[in-house]
Each structure stands twice: as C-alpha cells, then as structure tokens.
Amino acid sequence: MMDIIPIGKIVSTHGLRGEVKFRYYNEVQEDFLSYTSFFTTAGGIPEIRPQRVRWQKGFFYIVFEGIETIDDAGPLIGKELFVKTGSLPPVEEGTYYDFQLMGLAVVSHRGEAAGTVTEIVHQPGSDILVVDHNGEEIFVPMTDRFIRSIDREQSRIVLTEDVVIS
C-alpha cells in the first residue's frame, strides 16, 4: 500500500457540468496547484486528474477528467482527496505536517513516558499537541517553552521541565 494522506474534501457540486467545490486543508493555495492527480479512497484507488482548477471565496472549484455532468460529480460529494506523501511540498526546518507527528511518543525532560500524540489542534497563537496519557488528554502548546525537541527518527517528542505530567 502506498503512503497517502488526505488534503481536503469535496463539499458539493457546482453547476451542471461536473464542477465540484473543494475545501483544501492546507493554508497555502499555491501548493494545491502542483498536484497532478488525486486518490478518492485511502487505499489509493481510483485515481482522478484535475482538468481545470480555479479559486473563489475560500474554495477550489475543480473539473476532473471524465466528470462531465452533475450526475457524474454527485458520487464525489463528501469524499476526501488524497495525495502521495512524496508529492507533498517540502516544509521548512522545524515545521511538520500533522501526519508526521501523529503517533509519536511523548516523554518528559527526564525521559519518562508521557503518552502518545493523538491530534494536533491548530489555534491562532500556536498549535497544540493532544497527548493521550493513560486515557486522559493532555494539551501541550507547540512552543519552545514546552517542547524541547521533536525527533522523528527516534519517533519521540521531548517536553521541557515546564510541563508537569502527573
């Protein structure tokens, strides 16, 4: 199975000629334009290719090859679109895609197990890691004050002494 991740969701059809309204999960619109194909299932099949893409009022409007009518587009409503992780644009040093952090072990500054990352909540001030600690959720702001290091090779996030886990 190939490594793919969701990048957005088709929310409705638009017009009668098969165009769909698409909510992109990423904030950088230009990144979306670099994708040449999408998958409509987590298993990677079937693959669809955009024929025409435009941006309007916070959404992409897409016409896909082979989708020519509203009836053709109807089954796509509510579907997430996936891309191969290898086709994602690179991120700057010290920044991560959410999927890269999900499931990482979280440890205290002393190396004691604190839990596992289950979610990343995006807030205006800073992103927040949601950590499962023995069935309870711990919220850790993703700032230097609370996170000492993120080591994807070791699959762990080390917290600072400012985070008290009990």
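See above for the structure.
Residues numbered from 1 in each chain as written. Predicted model: local features only at pLDDT ≥ 70, side-chain atom pairs only at ≥ 80, totals over all residues. Heavy atoms only, no water.

Considerations on the nonpolar core
And step 1. Core analysis: the biggest nonpolar cluster contains 20 residues, and I7, F22, F32, Y35, F38 and F64 have the highest contact counts within it.
And step 2. Contributions of two or more residues to this core are made by strand 1 (4-14), strand 2 (19-24), strand 6 (59-64) and strand 7 (80-84).
And step 3. By size, the runner-up hydrophobic cluster in this structure holds 15 residues, among which are L101, I120, V131 and L159. (Core = buried A, V, L, I, M, F, W, Y, C linked by side-chain atoms within 4.5 Å. Buried < 20%, exposed > 50% of the residue type's maximum accessible area, 1.4 Å probe, protein only. Helix = DSSP H or I, 4+ residues; strand = E, 2+ residues; numbered from the N terminus.)

So, the packing of aromatic side chains
And step 1. Throughout the structure, instances matching the rule amount to 11 aromatic pairs.
And step 2. Geometrically, the ring pair formed by Y35 and F38 is edge-to-face, given 6.1 Å between the ring centres and 65° between the ring planes.
And step 3. Look at Y35 and you get buried, because its relative accessible area is 6%.
And step 4. A residue is classified by how much of its surface remains accessible, and F38, at 0% relative accessible area, is buried.
And step 5. For the ring pair Y97 and F99, a centre distance of 5.8 Å and an interplane angle of 25° mean the geometry is stacked.
And step 6. With a relative accessible area of 35%, F99 lands in the partly exposed category. (Phe/Tyr/Trp six-rings, centres within 6.5 Å; stacked < 30°, edge-to-face > 60°.)

Thoughts on the pairing of strand 12 (residues 147-151)
And step 1. Sheet topology note: the strand 12/strand 13 (residues 156-159) ladder contains four bridges and is antiparallel. Bridge assignment links I147 to a residue of strand 13, and that residue is L159.
And step 2. Hairpin geometry of strand 12 and strand 13 is characterised by an intervening segment of four residues between the two adjacent antiparallel strands and by a positive phi of about 55° at S155. (Pairing = 2+ DSSP bridges.)

Structural notes on the sheet that holds strand 10 (residues 128-133)
And step 1. Reading across the sheet, the six strands line up as 11-10-9-8-13-12 and stay open at both edges, with mixed pairing between neighbours. Looking along the sheet, the strands with just one partner apiece sit at the ends: strand 11 (136-141) and strand 12. For this sheet, the mean angle separating the axes of adjacent strands, direction not counted, is 30°.
And step 2. In this sheet, strand 11 lies alongside strand 10 in antiparallel orientation, the contact comprising six bridges. Each residue of the ladder has a partner; that of V130, found in strand 11, is F139. (Axes fitted to C-alpha atoms, helices over the stretch in contact; angles between N-to-C directions.)

Observations regarding the side chain of S108
And step 1. Of note, S108 is situated in the loop between strand 8 (105-107) and strand 9 (113-121).
And step 2. Among all residues touching S108, those that are not within four sequence positions of it are A114, V158 and L159. (Contact = heavy atoms within 4.5 Å.)

A word on the pattern of salt bridges
And step 1. If you walk through the whole model with that rule in mind, you get four salt bridges.
And step 2. With a shortest N-O distance of 3.0 Å, R54 and E19 are connected by a salt bridge. Of this pair, R54 sits in strand 5 (residues 50-56) while E19 sits in strand 2, placing them 35 residues apart in sequence.
And step 3. Owing to a relative accessible area of 31%, R54 belongs among the partly exposed residues under this scheme.
And step 4. Residue R148 pairs with E161 through a salt bridge whose shortest N-O separation is 2.6 Å. In this pair, R148 sits in strand 12 while E161 sits in the segment after strand 13, placing the two residues 13 residues apart along the sequence. (Salt bridge = Lys/Arg side-chain N within 4 Å of Asp/Glu carboxyl O.)

Honestly, it's all geometry; don't read function into it.
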